[in-house]
Every structure is written in structure tokens, then in C-alpha cells.
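Report on the structure
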Amino acid sequence: MFRKVATAALGGLLVAAALTACGGADESGSGNDDGKLTMGFAQVGAESGWRTANTKSVQEAAAAAGIELKFSDAQQKQENQIKAIRSYIAQKVDVIAFSPVVETGWDQVLKEAKDAKIPVILTDRAVDSKDTSLYKTFIGSDFVLEGKKAGEWLVKEYQGKSDTVNIVELQGTTGSAPANDRKSGFADVIKADPKFKVIASQTGEFTRAKGKEVMEAFLKANPKIDVLYAHNDDMGLGAIEAIEAAGKKPGVDIKIITVDAVKDGMTALAAGKINFIVECSPLLGPQLMDLAKKVVAGETVPQRVLTEETTFTPEQAKAVLPERKY
Ligand code: GZL
């Protein structure tokens with residue numbers, strides 16, 4: 001009996017080896033017969049101008065790199081992103097990339113991808129997993145630094161003044177890395193001077209509609225607002241509508257700082273309705289595809305890839321707007 005089992009097992013091994021050798025289902029299980037690398041990308045949603053530009057960058061870069069892209073939009077829901085990742089695992093893609101809508105709750109599905117030997121790349125946003133072996137690399141901005149840049153502009157703007165500065169804050173998606181980090185970076189800088197007071201802080205979910213709605217409530221509840229700090233342009237643009245509807249001048253009666261530097265934000269900045277924008281580049285596609293090829297080829301890649309970005313004043317916005325890509 002033992003001999004029969006051993007022979008059958010050996011036969012099975014030989015067949016598996018032959019399959020792998022002639023381009024069959026290799027150990028990563030991709031088995032792509034046209035030899036093209038397949039990427040499963042689970043996108044957050046389509047909540048902002050930034051996200052639209054980010055999706056375009058990923059899709060165009062995949063096409064340019066000859067990578068087959070499976071793409072899903074989670075409508076800002078974590079359960080949809082987890083479902084999409086599981087479907088990519090079932091389809092045996094070569095690599096999975098995604099922008100985690102929130103920081104927590106990813107360990108289980110990332111373990112499933114690791115067990116299936118499918119490498120994962122984090123793009124744009126981070127996760128709080130302690131086990132960094134669950135993903136190969138994270139490409140995205142330093143959101144704490146973005147918050148610090150916003151705070152530093154405000155400190156400079158009010159240098160030498162002693163009156164209290166009442167600040168309202170429109171936070172990004174609750175629990176997301178950009179919301180958590182842009183809030184903490186900003187708070188770290190302004191805490192040095194007690195004249196800065198954050199009198200209200202609430203999520204605007206990174207959307208114009210919610211940003212407008214929350215700003216209307218801020219205006220009703222707070223007679224004296226000096227500054228709005230919005231974690232992205234879209235919420236700032238929604239807030240501008242509420243400020244103007246309340247008969248106040250955005251950028252003058254209420255100074256506005258936002259993050260992203262998408263075209264609509266830069267246009268409002270050039271017009272003086274926003275006073276300062278911290279850039280957060282959505283153009284991650286080309287670097288992502290380059291990382292994906294390296295990861296699938298088994299090359300080592302940096303654990304963290306930081307994106308280059310700057311800041312803009314109204315004058316700087318006017319100068320760069322004509323050639324702005326997004
Ligand atoms: C930041 C990105 C944020 C943008 C928002 O990298 O995750 O999500 O700042 C977008 O505009 O909705």
C-alpha cells in the first residue's frame with residue numbers, strides 16, 4: 001500500500017513541476033498564459049478630485065506598462081475593498097495594490113493574500129498592521145508633514161499678533177491615515193502658541209457636499225471664525241460655498257488652508273478664495289507599476305516610497321495653473 005501511495009505522490013510532484021516549468025500555474029498561482037502581469041487594484045472610491053486624478057494615473061500607467069489591470073471602486077466602504085481583495089486572490093492575480101480607506105482592520109485579508117503568495121503594495125494610504133511582512137511596500141505622501149506645513153504657514157501668517165485665532169477644521173474620512181495624520185501634524189505645530197484655538201473639528205468625508213454642510217453648521221454655531229483648515233481641496237471648496245452664502249468673503253474674512261492642490265483648488269487659490277495649499281500628489285501610477293514589476297520579479301524594494309510634493313501661495317498657483325496636469 002505504502003509503495004502505491006509513494007508512487008502516486010511522486011507522479012503528482014512530477015506533473016506539478018512540469019506545469020511550473022512550461023509556464024503553467026507558477027508558485028504565485030498567476031498562470032497567466034499571455035505572460036502579462038496582472039494587477040488587482042482596490043480603489044477607495046471617487047470622492048474627490050484627487051481620487052479621480054489618482055485613478056486616472058493608475059489606469060494610464062498600467063496600460064503604458066503593459067500590465068493587465070483589474071480595478072474596483074469601493075465607494076469609500078472598507079467591506080467593499082476587502083471583498084475586492086478576496087476576489088483578486090481567487091482570480092490568482094500576480095500582485096494586489098490598494099489604498100486602504102481606513103487604517104485598521106486589514107490583517108486578516110492581508111494574511112489571506114500572503115498565504116496565497118500574492119504580494120501586496122499599499123498605495124496612497126497606510127494601514128496600522130504591526131506585521132509589515134503583510135505588504136511589500138507603501139508608496140504615498142507623509143501626511144503628518146502635510147499637516148505641519150499647513151500649521152507652519154498659519155504661524156507665519158499670524159506672527160507678532162496676540163489676538164485669539166479661532167480655527168475650524170474639516171477632517172478627512174474618519175479613521176483614515178490622511179485625516180489622522182494631517183490633524184496631528186497641524187496640531188503639533190500650532191500648540192506652540194495658545195492664541196491658536198481649534199473651536200470646532202468634524203469630518204467632511206473628503207467631499208464637497210459634506211464640507212459645505214459641516215461648514216454651514218460651523219458658521220451657525222460660531223460667530224467668530226478666523227481660519228478654516230480643510231484636509232482636502234474638495235471640502236474647502238464646499239466650505240467656500242457656505243461662507244459666501246453667509247455673506248462672508250473666503251480668503252479675507254475667513255482664511256482658508258487646504259491640502260491636495262488639484263486644479264479646482266488651485267483655481268480658487270489663484271482667485272484669493274483659498275490662502276495656502278499643501279500639495280499631495282495623486283500621480284502615483286508610474287512608480288506603482290515599476291514597484292509591481294520589481295515585486296513580482298522577486299526583487300527587493302524599499303519598505304517606504306515617499307512622493308515628492310510642495311506648497312502653493314496664490315501667486316505660485318497663478319504661475320503653474322496653465323500646465324497643471326490635474
Ligand atoms: C491623500 C488621499 C486623500 C486626498 C483626498 O493621499 O488619500 O483622499 O487628500 C482624497 O482628496 O479623497
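Above: the structure in question.
Structural notes, computed from the coordinates. Being a predicted model, the structure only gives us computed values, none of them experimental.

Analysis parameters
- The numbering scheme is per chain: residues are counted from 1 as the chain's sequence reads.
- In keeping with the model being predicted, local features are shown solely for residues with a pLDDT of at least 70 and side-chain atom pairs are shown and tallied solely at 80 or more, while totals for entire chains, interfaces and linings include all residues.
- The side-chain quantities take in all heavy atoms of the structure and omit both hydrogens and water.
- The near set for a molecule or strand comprises every residue that places at least one heavy atom within 4 Å of it.
- Two N or O atoms form a polar contact when they lie within 3.5 Å of each other; inside protein one atom must be a possible hydrogen donor and the other a possible acceptor, and for residues adjacent in sequence the pair counts only when both atoms belong to side chains.
- Using the Shrake-Rupley algorithm and a 1.4 Å probe, accessible areas are obtained, with residue cover drawn only from the displayed protein chains.
- Segments assigned H or I by DSSP are reported as helices when at least four residues long, segments assigned E as strands when at least two residues long, and all are numbered from the N terminus.
- Boundaries of every domain are those given by an automatic assignment or by a domain database.
- Here the axes come from fitting lines to C-alpha atoms, over the contacting stretch only for helices, and the angles between their N-to-C directions go from 0 to 180 degrees.
- Helix crossings get a hand from a simple test, with the near helix turned counterclockwise from the far one by less than a right angle marking a left-handed crossing and a clockwise turn marking a right-handed one.
- When checking whether two residues touch, look at their non-hydrogen atoms; a contact exists if any pair is within 4.5 Å.
- When residue character is reported, Ala, Val, Leu, Ile, Met, Phe, Trp, Tyr, Cys and Pro are called nonpolar, Asp, Glu, Lys and Arg charged, and the others, Gly included, polar.
- Working definition: with a 1.4 Å probe on protein chains only, accessible area under 20% of the residue-type maximum means buried, over 50% means exposed, and in between means partly exposed.

1. Concerning the site of the ligand
- Around the ligand sit 13 residues, and of these E47, D124, R125, R182 and D260 come closest.
- D124 has a polar side-chain atom sitting 2.3 Å from an oxygen atom of the ligand.
- Within the side chain of D260, an N or O atom sits 2.6 Å from an oxygen atom of the ligand.
- When the ligand is considered free in solution it has 320 Å² of accessible area, and contact with the protein chains removes 100% of it.
- Where the shell around the ligand is concerned, the elements lending two or more residues are α2 (49-65) and α6 (177-190).
- Taken domain by domain, the shell around the ligand gets at least three of its residues from each of domain 1 (8-141 + 282-309) and domain 2 (143-279).

2. Looking at the packing of helix α5 (residues 143-157) against α6
- One way to put it is that α5 packs onto α6 with a least axis distance of 7 Å and a crossing angle of 35°. Considering how the two elements wind past one another, α5 and α6 form a crossing that is right-handed. When α5 is examined against α6, the residues F143, V144, E146, G147, K148, A150, G151, E152, L154 and V155 are found in contact with a partner set consisting of A177, P178, D181, R182, S184, G185, F186, D188, V189 and I190.
- The residue inventory of the contact of α5 with α6, partitioned by class, reads ten nonpolar, four polar and six charged.

3. Some words on unusual backbone geometry
- With a phi close to 80°, D124 is a non-glycine residue in the positive phi region.
- By secondary structure assignment, the location of D124 is in the loop between β4 (120-123) and β5 (137-140).
- Given the relative accessible area of 4%, D124 is considered buried.
- Even without a glycine there, the phi angle at A261 is positive, about 75°.
- Structurally, A261 can be placed in the loop between β9 (255-260) and α9 (263-270).

That's the geometry; what it means functionally is another story.
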